[in-house]
Amino acid sequence: MNVFVLNCGSSSLKFQIISSDPDLIERDEERMLAKGQIERIGSEAIITLQAEGNPPVKQAEPLRDHRAALAYVLKWITSAESRIPAITSLADIHAVGHRVVHGEERFNQSILIDNDVIAGIEDCIDLAPLHNPANLKGIYAARELLGSAIPQVAVFDTSFHSTMPDTSYLYAIPYQLYRRFKIRKYGFHGTSHRYMAHRYRKLADKTREETNIITLHLGNGCSACAIKDGWSVDTSMGLTPLEGLMMGTRCGDIDPTVIEYLMHKEGGSLDEVLSVLNKRSGLLGISGLTNDMRDLIVEMDEHQDRRAILAIDMFCNRVKKYVGAYLAEMNGADAVCFAGGIGENSPEIRRRILTGLDWLGIEVDEALNQSAYGGKEMRISPDGSRVLVYVVPTNEELILARDTVRVVLDVPRIW
Ligand code: ADP
């Protein structure tokens, strides 16, 4: 079964075509047939397309909206020049899996898309005004261009965290506010945390019930997750992806009074203050230079830039605090897993986060740590250490494809 996996952002579209079925999934032998991304939809779009075994092709083309972008991709997929194995017409695409950021409380697992599901995702727009509308544009466009006969599945960033107990997901505000408006922690990056848990089981030869780990997704957006007996029991992002760890441009945890105080002092609107917290804070806000961790490390190493060092120290300290909190919450863990652009590629940041945690049983083998980057999946803790540490290059598209297969064929989750 060829699954078209679609991830639409406000001005971007990413896709993969993955050949999959329950047997292939069981053996971890799915094949990625093609992938690509389109950025700057709405103006002169930048398009990168790549079929399996071929180099990427880059193009620029004015694409007015997500429908035009998807039409462009589908035309390429079925053209002779794309040379995608096993795809000659749209009939060779058997299902579509959509990433949807917010599923609120109503979507606690992946689901076949019909009109009711679309209405439900539209109802969640209030909680994810930046993300869900873009995801919906992908769904509308795919239904229109591929026809309603091709099954489409929604996979939610929030659903993995639906197993959190109320002690984790409630905010300590009047309980009626939760009841009336569903104000609570939802958590995000669920597919990435789920993927890390799945790989941990394979790498450490454990069952789902034996999965007691802390997963750290450190990219531009960052989140931590406590996974106990295979289920998410706590995570750092909240009602929206602003809460928790310090991120590229987001502040993470903050006293909410800062908002009112800043409005008062600067005379700005609420929207302006929220924009500061979402887009001008985090690594960028502290360093005053950039949200890009690679560049900050260069500034630290080559120029000893004081604020770059401060941003990096604050970033690592915040992650360390969450690791400590989750270890306490779970009565210890068997492993810590790193993913995301920073988690997968930066030995320096991993070392700084984990240094000084040896009394909790967490140690890093520095030679292994230094060699873990650029897509390598490996253990970086020394032999015999109490808590294992892994670098796990994340693969959210694979989880999207797997869920799509599972929902379309109506098979239970076996992985
Ligand atoms: P997103 O959350 O947008 O998907 P990514 O997961 O791609 O982002 O992560 C982007 C972050 O990863 C950036 O801060 C980037 O600097 C950082 N990063 C990528 N490679 C490295 C590296 N070799 N060392 C340190 N940071 C890196």
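A brief report on the enclosed structure follows.

Conventions we followed
- Residues numbered from 1 in each chain as written.
- Predicted model: local features only at pLDDT ≥ 70, side-chain atom pairs only at ≥ 80, totals over all residues.
- Heavy atoms only, no water.
- Helix = DSSP H or I, 4+ residues; strand = E, 2+ residues; numbered from the N terminus.
- Buried < 20%, exposed > 50% of the residue type's maximum accessible area, 1.4 Å probe, protein only.
- Lys, Arg positive; Asp, Glu negative; His and termini not counted.
- Salt bridge = Lys/Arg side-chain N within 4 Å of Asp/Glu carboxyl O.
- Expected span 1.5 Å × (residues − 1).
- Polar contact = N/O pair within 3.5 Å; in protein donor to acceptor, adjacent residues only side chain to side chain.
- Pairing = 2+ DSSP bridges.
- Contact = heavy atoms within 4.5 Å.
- Axes fitted to C-alpha atoms, helices over the stretch in contact; angles between N-to-C directions.
- Parallel < 35°, antiparallel > 145°, perpendicular 65-115°, else oblique.
- Left-handed = near helix turned anticlockwise from the far one by under 90°.
- Nonpolar A, V, L, I, M, F, W, Y, C, P; charged D, E, K, R; others polar.
- Near = heavy atom within 4 Å.
- Areas by Shrake-Rupley, 256 points an atom, 1.4 Å probe, with all protein chains shown as cover.
- Core = buried A, V, L, I, M, F, W, Y, C linked by side-chain atoms within 4.5 Å.

## Focus on the side chain of E104
And step 1. Structurally, E104 is set in the loop between β6 (95–100) and β7 (111–112).
And step 2. At 4.2 Å, R106 is the nearest oppositely charged side chain to E104, a buried residue that forms no salt bridge.

## A look at helix α12 (residues 306–329)
And step 1. An ideal rise of 1.5 Å per residue puts 34 Å on 24 residues; α12 measures up with 34 Å between its terminal C-alpha atoms.
And step 2. Residues of α12 that are buried: A308, A311, I312, F315, C316, R318, V319, Y322, V323, Y326 and L327.
And step 3. Its side-chain oxygen at 3.1 Å from the backbone nitrogen of R307, D305 defines the N-terminal cap of α12.
And step 4. At the exit of α12 stands N331, carrying a positive phi of roughly 60 degrees.

## As for the sheet that holds strand β4 (residues 44–51)
And step 1. Spatially, the eight strands line up as an open sheet ordered β5-β4-β3-β2-β1-β6-β8-β7, and their pairing is mixed. At either end of the open sheet lies a strand with only one pairing partner, and these are β5 (57–62) and β7.
And step 2. Relative to β6, strand β1 (residues 2–8) is paired through four bridges, and the arrangement is parallel. The residue of β6 that forms the bridge with F4 is V96.
And step 3. Relative to strand β2 (residues 13–19), helix α2 (residues 66–77) is tilted by about 35 degrees, and along the sheet it contacts β1, β2, β3 (31–39), β4 and β5.

## Section: the packing of helix α8 (residues 257–266) against helix α9 (residues 270–279)
And step 1. At a minimum axis separation of 10 Å, α8 and α9 run at an interaxial angle of 120 degrees. Taken together, α8 and α9 sit at an angle that is classed as oblique. Here the hand of the crossing between α8 and α9 comes out right-handed. Here α8 contributes I259, L262 and M263 to the contact with α9, which in turn contributes L270, V273, L274 and L277.
And step 2. Looking at the contact of α8 with α9 residue by residue, the class counts come to seven nonpolar, no polar and no charged.

## A short note on the site of the ligand
And step 1. Around the ligand, 13 residues are found, and the nearest of them are N220, D292, M293, R294 and G341.
And step 2. Measuring from an oxygen atom of the ligand, one finds a backbone N or O atom of M293 at 3.0 Å.
And step 3. R294 has a polar backbone atom sitting 3.1 Å from an oxygen atom of the ligand.
And step 4. Computed on the free molecule, the ligand has an accessible area of 590 Å², of which 68% lies beneath the protein chains in the complex.
And step 5. Of all the secondary-structure elements, those providing two or more residues to the shell around the ligand are α11 (293–303) and α13 (340–345).

## Here's the deal with the nonpolar core
And step 1. I214, L216, L218, M293, F315, I349 and I362 are the most contacted members of the largest nonpolar core, which totals 44 residues.
And step 2. Within the residue set of this core, elements represented by two or more residues are β9 (213–218), β10 (222–228), α11, α12, β12 (335–339), α14 (347–354) and β14 (388–391).
And step 3. Ranked by the residues each element gives to this core, the list is headed by α12, at ten residues.
And step 4. In contact with M293, not counting residues within four places along its chain, are L283, I312, F315, I342 and I349.

## Some details on the packing of α11 against α12
And step 1. In contact at an axis separation of 8 Å, α11 and α12 are set at 125 degrees when each is read in the N-to-C sense. When the axis of α11 is compared with that of α12, the two are oblique. Seen along the crossing, α11 lies across α12 with a hand that is left-handed. Mapping the contact onto sequence places M293, L296, I297, E299 and M300 in α11 and A308, I309, A311, I312 and F315 in α12.
And step 2. Residue composition of the contact of α11 with α12, by class: nine nonpolar, no polar and one charged.

## A closer look at the pairing of β1
And step 1. Of all seven residues in β1, seven are buried, a share of seventy percent or more.
And step 2. Relative to β2, β1 runs antiparallel, the two being bridged by seven bridges. Residue pairing across strands places C8 opposite L13, the latter belonging to β2.
And step 3. Once β1 ends, the chain turns through four residues before running back antiparallel as β2.

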